[in-house]
Amino acid sequence: MKKKIAILGSTGSIGKTTLNIVKKNKKDFEIILLTTNKNIKKILKQSKEFNVKNIIVTSNYHFKKLKKININKNLKIYNSFKNLKKIFKTKIDYSMCAISGIDGLKPTFDMIKFSKNIGIANKESIICGWSLINKEIKKNKTNFIPIDSEHFSIWSLIKNDIHKIDQIILTASGGPFLYKSKKFINKAKPEDALNHPNWSMGQKISVDSATMMNKVFELIEAKKIFNLNQKKFTILIHPKSYIHAIVKYENGLIKLLAHDTEMSIPIFNFFYHDRSKKIFSKPINLTLLNNLSFSQPNIKNFPSLKVLKSIPKNDTLFETILITVNDELVKSFLKNKIKFNDISQHLLKIIKIKELRKYIYKRPINIKEILKTMNLSKHITIKFLKKNA
Ligand SMILES: NC(=O)c1ccc[n+]([C@@H]2O[C@H](COP(=O)([O-])OP(=O)(O)OC[C@H]3O[C@@H](n4cnc5c(N)ncnc54)[C@H](OP(=O)(O)O)[C@@H]3O)[C@@H](O)[C@H]2O)c1
């Protein structure tokens, strides 16, 4: 029987990689829903190619534009995730949640009750709303699989283990500036930061990789998903990105997980976690295995790592502040309004602003509260940027 699936954020990097897997295995899938924010040209093309009957376009302007130009009467076009009830009469088999940013939180949360298996790539929703998502997953008996490669690797390593975890190492490539001089980094342009040596990703996550903020986010994500103390995690630079996670158990055993730097591997394994199919992959790369080369990240080169000291033990609204402030700073950098080094320097200052500090101990009660905190953090960051322009 075909797997009924939905792809949230189908026009993005993860969305397109997911569709490539579907394309290679068309007989196995029926796509029920695709979604985009603005990219109506792409989603229309995708809906035709994969014979999809439902799409969501969240930007009002683009939704209206698409309604005018669409000639396919069988295609239902919606402009909000409030319509999920109309689209899904019963639970579908797999949902891939790959919207970027906190905007992905509510759609991800809403998809849980309509999905037997949910793959969450949208790290922001896990970081800001894990306690709410986890509760909804349990309530609806939905199977959750993390898609971010490091988390997928940890999940793969520990899923059948009964031994207690002693330590987990998250590997970081070090991004495009690992071997660059301070002078170069000071003058770095967006195109330099987007030039990732190993991964091809969306713009925001590529800049986060260059500042190492992505690893800060991944550590928070991992500590929440696997319900472990932050002290159990270590970040190590591993420039070749061949090993994605290392788990050491209390019984002395150490497990490493390696795979090529392609998001298609965790995504393929999400859809085929029943092991019913073999993926086409390259042979083991001995040159990489013989040159793993791990090292401690230098905090002087990656000042964003200082944030790790401020992360609260439990779920709080601080994570929403961190994500939002960083998001605004990255947007500013991509528009050439601030320098690359300003991202981490401003971030460390803004999170200490009194109006925001008070949220450090406040648990998120619902999504509305998270979105309210997001708006406040945005406002404070924009004010800070104007003052420091
Ligand atoms: N790329 C990777 O390799 C990778 C790896 C691990 C984790 N992740 C995580 O996966 C998520 C997606 O990353 P990505 O690189 O695929 O991002 P991306 O290329 O920027 O794509 C984002 C997708 O979300 C849609 N979107 C953006 N804002 C939206 C909004 N307000 N409402 C509804 N849809 C919206 C976009 O639509 P438009 O096309 O209209 O903009 C697009 O389809 C992120 O959370 C990222 O951190 C990515």
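About the thresholds
- Residues numbered from 1 in each chain as written.
- Predicted model: local features only at pLDDT ≥ 70, side-chain atom pairs only at ≥ 80, totals over all residues.
- Helix = DSSP H or I, 4+ residues; strand = E, 2+ residues; numbered from the N terminus.
- Rg over C-alpha atoms; globule rule 2.2 N^0.38 Å.
- Buried ≥ 20, exposed ≤ 12 C-beta atoms within 10 Å, placed from the backbone.
- Contact = placed C-beta atoms within 7 Å.
- Domains from an automatic or database assignment.
- Nonpolar A, V, L, I, M, F, W, Y, C, P; charged D, E, K, R; others polar.
- Pairing = 2+ DSSP bridges.
- Axes fitted to C-alpha atoms, helices over the stretch in contact; angles between N-to-C directions.
- Core = buried A, V, L, I, M, F, W, Y, C linked by C-beta atoms within 7 Å.
- Near = placed C-beta within 6 Å.
- Expected span 1.5 Å × (residues − 1).

Caption draft 1: Highlighting the overall build of the protein chain. Looking only at helices and strands, the protein chain features 17 helices and eleven strands. Its C-alpha radius of gyration of 21 Å places the protein chain within 12% of the 21 Å reference for a compact globule of 389 residues. By principal-axis analysis of the C-alpha atoms, the protein chain measures approximately 60 × 50 × 40 Å. Burial statistics for the protein chain: of 389 residues in total, 41% are counted as buried. Of the contacts formed within the protein chain by residues at least 6 apart in sequence, a portion of 69% connects residues at least 24 apart.

Caption draft 2: Representation of the domain arrangement of the protein chain in the model. Each assigned domain of the protein chain is listed here: domain 1 (3–147), domain 2 (149–261 + 283–302) and domain 3 (312–389). One C-alpha centre belongs to domain 2, the other to domain 3; they are set 24 Å apart. Counting residues at the interface gives 13 residues for domain 2 and twelve residues for domain 3. Mapped by element, the contributors of at least two residues to the side of domain 2 that touches domain 3 are α8 (182–186), α9 (190–193), α10 (203–211) and α11 (213–225). Among the elements that line the side of domain 2 that touches domain 3, the one with the most residues is α10, at five residues. Tallied by class, residues from the side of domain 2 that touches domain 3 come to seven nonpolar, three polar and three charged.

Caption draft 3: Representation of the sheet that holds strand β8 (residues 165–172). Pairing is mixed in the open sheet, where four strands are placed in the order β9-β8-β10-β11. Only two strands of the sheet have a single neighbouring strand rather than two, namely β9 (233–237) and β11 (254–258). Neighbour-to-neighbour, the strand axes of this sheet turn through a mean angle of 20°, independent of strand direction. Strands β8, β10 (243–249) and β11 of the sheet are contacted by helix α7 (residues 149–158), whose axis makes an angle of about 40° with β10. Against the sheet, α11 engages β8 and β9, with an angle of about 150° to β8.

Caption draft 4: Summary view of the nonpolar core. If you look at the biggest cluster of nonpolar residues, it comprises 94 residues, and the most contacted ones within it are I7 and C97. The dominant element in this core, judged by the number of residues it contributes, is helix α14 (residues 318–334), at eight residues. Those residues in contact with I7 that sit more than four places away from it in its chain are G15, T18, L19, I31, L34, M96 and A98.

Caption draft 5: View of the site of the ligand. Contacts to the ligand come from 27 residues, most closely from G9, G12, N37, D103 and G202. Those elements giving two or more residues to the shell around the ligand turn out to be α1 (13–24) and α6 (123–139). Examining the composition of the shell around the ligand, we find that three residues originate from one element, α1, more than from any other. Along the lines of polarity and charge, the residues of the shell around the ligand split into eight nonpolar, 14 polar and five charged. Each of two domains, domain 1 (3–147) and domain 2 (149–261 + 283–302), supplies a minimum of three residues to the shell around the ligand.

Caption draft 6: Here's a closer look at the sheet that holds strand β1 (residues 3–8). Taken in spatial order, the seven strands line up as β4-β3-β2-β1-β5-β6-β7 in an open sheet, and their pairing is parallel. Strands at the two margins of the open sheet, each flanked by one partner only, are β4 (76–78) and β7 (143–146). Between one strand and the next, the sheet's axes are offset by a mean angle of 20°, whatever the strand orientation.

Caption draft 7: The arrangement of unusual backbone geometry in detail. Unlike most non-glycine residues, M212 shows phi in positive territory, near 80°. Note on placement: M212 falls in the loop between α10 and α11. Owing to 26 C-beta atoms within 10 Å, M212 belongs among the buried residues under this scheme. Non-glycine residue S241 carries a positive phi angle of around 50°. With respect to the helices and strands, S241 occurs in the loop between β9 and β10. Residue S241 is classed as buried on the basis of its C-beta count, with 21 C-beta atoms lying within 10 Å.

Caption draft 8: A look at the pairing of β10. The element β10 is largely enclosed, with a buried count of five among its seven residues. Pairing of β8 with β10 involves five bridges; the strand directions are antiparallel. Opposite Q167, over in β10, you have K248 as the bridge partner. Connecting β10 to the next strand, β11, in antiparallel fashion are four residues, including G252 with a positive phi near 95°.

Caption draft 9: Fine view of helix α5 (residues 105–112). Across the eight residues that make up α5, a large majority, six, are buried. Taken together, the buried positions of α5 are L105, P107, T108, F109, M111 and I112.

Caption draft 10: Seen up close, the environment of N60. Residue position: N60 is located in helix α3 (residues 60–69). Assessed through the 10 C-beta atoms surrounding it within 10 Å, N60 is described here as exposed. Placed 43 residues apart in sequence, N60 and D103 show a C-alpha to C-alpha distance of 15 Å.

Caption draft 11: Representation of α11 within the structure. Counted at 1.5 Å a residue, the expected span for α11 with its 13 residues is 18 Å, and the 18 Å between its end C-alpha atoms agrees. The buried fraction of α11 amounts to twelve of the 13 residues, a majority that puts the element mostly inside the structure. Turning to α11, its buried residues are M213, N214, K215, V216, F217, E218, L219, I220, E221, A222, K223 and K224. Packing partners of the buried residues in α11 comprise α6, α7, β8, α10, β9 and α14. Looking one or two residues beyond α11, the residue adopting positive phi is N227, at roughly 50°.

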